[in-house]
Amino acid sequence: MSQSNTPQGAPPPSAALESVRLKGHIGHLTAEEGSALDSFKALAAQKGFYTPASLSGKASHDDGTLVRYLRARKFVPQDAFQQFAETEKWRKDNNLEALYEKIDITDYQEARSVYPQWTGRRDKRGIPVYLYEVGKLDSKKMIAYSSSTSKSKAKGPSPSRMLRLFALYENLTRFVMPLCSSIPGRPNPETPVDQSNNIVDISRVGLKQFWNLRGHMQDASQLATAHYPETLDRIFIIGAPSFFPTVWGWIKKWFDPITTSKIFILSDKDVLPTLSAFIDIESIPKKYGGQLDFECGKLPLMDAKVKAALDLRGSEEMFLTAPVRWMDDENGEMMALGVGSVDGHERKERMATLHQAAVRQLTRSSTHQGPIPQYKPTAQTESQPVQQSIVNTVQRNEKEGKTDSRPQSQHQQMDGVVEKNHYVAPQKDHTAPPSYNVDTSQAAPDPIGKPQTQVIPPEPKAPLTQRLDPTYTESHSDPAKTLTSSVPNGKPTSIEMPIRNGAPPLGRTQTEYVTPPSDPSEIPDKFL
């Protein structure tokens, strides 16, 4: 960790090696780090902040999230737990789950326009690449944004400008990272993607503009350090003005030491060689010597592998620029659910589904564990026909006998083996319940003493379109089946509705960005 007043130049070539990046990550923990993770879990469970996985449900937090806190605190369980507990309390105080579900989409998109934006691309390690063009944040734009945040209807113990920033970090951890984790063919699929790579362009930025933006930048840095630890892989600074090395001594005080240790200032001659060591040339923006036609304010350009893994059903623009999170759909597959609100109306729109070939890596990013609310039909959804593509998908799965097509994670596939020096304990007494069409309670022993199974013909099912109708009530002659059916009480529990099956989101057909006024006389007096 550098404490020098001289900024770091280009990182050494070894920094691009996966062996360097994967230290302290899931699947690559040392025995001591694995033991620290176990101690951290035990402490968090004892204090009521963590619930381990069981037959009745998943763990409240995935290992990838917990390891981020351990990395931030040098794998000292007590220190990691203190930060973890403070973050959980902070999330509850600010009602982070509801904030992301209800944030006004216009507010969200305004915040997105003044912070780093995902290019839609990943680096060679599968980590999402973000771009931040600081020169575009002139005084008029920032005054307009400040005016907008002061009028925001979002309420909470934190300032409204921070609530919007919270939502951007939620999008990173609940949408972008899980998506990047799930794309087939990336290196080290046993390790979930839990960090981002950032290109920060400060060309044509004067000293006064830097000074005026210090609070804006500090907000993001302090929030990440406190409550989203170890989500930053590195920052490449491009276009640094000549005065930058001189003022680095006081600029670095805006950020914590962990963040400054990940900042690298690239000279003009180092830009392309350094970026291309980490990022494929087709994913580097053209202005930095690459082939990607992207700049801040444009729609992210997803790479071919990301597109191939997605069954996109809604607007691509809203999928990439509005609040979205991943959840399990009615088939147990990963579905992108569009959230947020438009004109005061909450949005619950099915945006995309990951193809079965996509490798699922469970991260806190993908789902903040907890019960999925039951579907309550509304006037808007009761009359909507079931989308034919959904019917076709379910029919195909039923024909092939698929009830859960998700591939198991590395840890699920292993039973008491050592993975990268991190011992995974074998599962004990985790006997799966019998299938519905097998009755073992009355099975008689065969001549050699082994119980035989009596096959019971399955009960006839209603037509598929009727079963997918949200108002349909399913019943069984066997009460035990009714209790464990996928449709208890006649309402699916694996869908958070109303899902609009690809319909335009509540009257909005395109993204609307709020631009700063061109006439200074239109700026409110209190901001002049």
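Reference entry: report on the structure contained in this document. (Residues numbered from 1 in each chain as written. Predicted model: local features only at pLDDT ≥ 70, side-chain atom pairs only at ≥ 80, totals over all residues. Heavy atoms only, no water.)

Turning our attention to the packing of helix 2 (residues 31-46) against helix 4 (residues 77-93). The interhelical angle for the contact between helix 2 and helix 4, taken along N-to-C directions, is 45°, at an axis separation of 9 Å. Between helix 2 and helix 4, the crossing angle belongs to the class labelled oblique. Seen from above, helix 2 lies across helix 4 with right-handed handedness. Across from Ala 36, Ser 39, Phe 40, Leu 43 and Ala 44 in helix 2, the residues of helix 4 making contact are Pro 77, Gln 78, Ala 80, Phe 81 and Phe 84. Partitioning the contact of helix 2 with helix 4 into residue classes produces eight nonpolar, two polar and no charged. (Axes fitted to C-alpha atoms, helices over the stretch in contact; angles between N-to-C directions. Helix = DSSP H or I, 4+ residues; strand = E, 2+ residues; numbered from the N terminus. Parallel < 35°, antiparallel > 145°, perpendicular 65-115°, else oblique. Left-handed = near helix turned anticlockwise from the far one by under 90°. Contact = heavy atoms within 4.5 Å. Nonpolar A, V, L, I, M, F, W, Y, C, P; charged D, E, K, R; others polar.)

A word on the packing of aromatic side chains. With the rule as written, the count across this model stands at 16 aromatic pairs. Consider the rings of Phe 40 and Phe 84, whose centres lie 5.6 Å apart with planes at 85°: the pair is edge-to-face. Placement of the pair is Phe 40 in helix 2 and Phe 84 in helix 4, with a sequence separation of 44 residues. In this structure Phe 40 comes out as buried when scored by relative accessible area, which is 1%. An aromatic cluster is defined as three or more aromatic residues linked by ring pairs; in this entry it consists of Trp 90, Phe 166, Tyr 169 and Tyr 228. Its guanidinium or amino end placed over the ring of Trp 211, Arg 214 lies 3.8 Å from that ring's centre, counting from NZ or CZ. (Phe/Tyr/Trp six-rings, centres within 6.5 Å; stacked < 30°, edge-to-face > 60°. Buried < 20%, exposed > 50% of the residue type's maximum accessible area, 1.4 Å probe, protein only. Lys NZ or Arg CZ within 6 Å of the ring centre and 35° of its normal.)

We note that Phe 75 has phi near 60°; this positive angle belongs to a residue other than glycine. Among the secondary structure elements, Phe 75 is positioned in the loop between helix 3 (63-72) and helix 4. Phe 75 sits in the buried class, given a relative accessible area of 17%. A positive phi is found at Asn 188, a non-glycine position, where the angle reads about 50°. Along the chain, the position of Asn 188 falls in the loop between helix 8 (160-181) and strand 3 (196-201). On the basis of relative accessible area, Asn 188 is assigned to the buried category, the value being 16%.

Spatial ordering of the open sheet is given by 6-11-8-7, a layout of four strands whose pairing is antiparallel. Of all strands in the sheet, those bounded by a partner on one side alone are strand 6 (310-312) and strand 7 (324-328). Neighbour to neighbour, the strand axes of the sheet diverge by 30° on average, direction disregarded. Bridge count for strand 6 against strand 11 (residues 349-354) is three bridges, and the pairing is antiparallel. When the bridges of strand 11 are listed, Leu 310 appears paired with Leu 354. Across the face of the sheet, helix 8 comes into contact with strand 6, strand 7, strand 8 (334-338) and strand 11 while running at roughly 65° to strand 7. (Pairing = 2+ DSSP bridges.)

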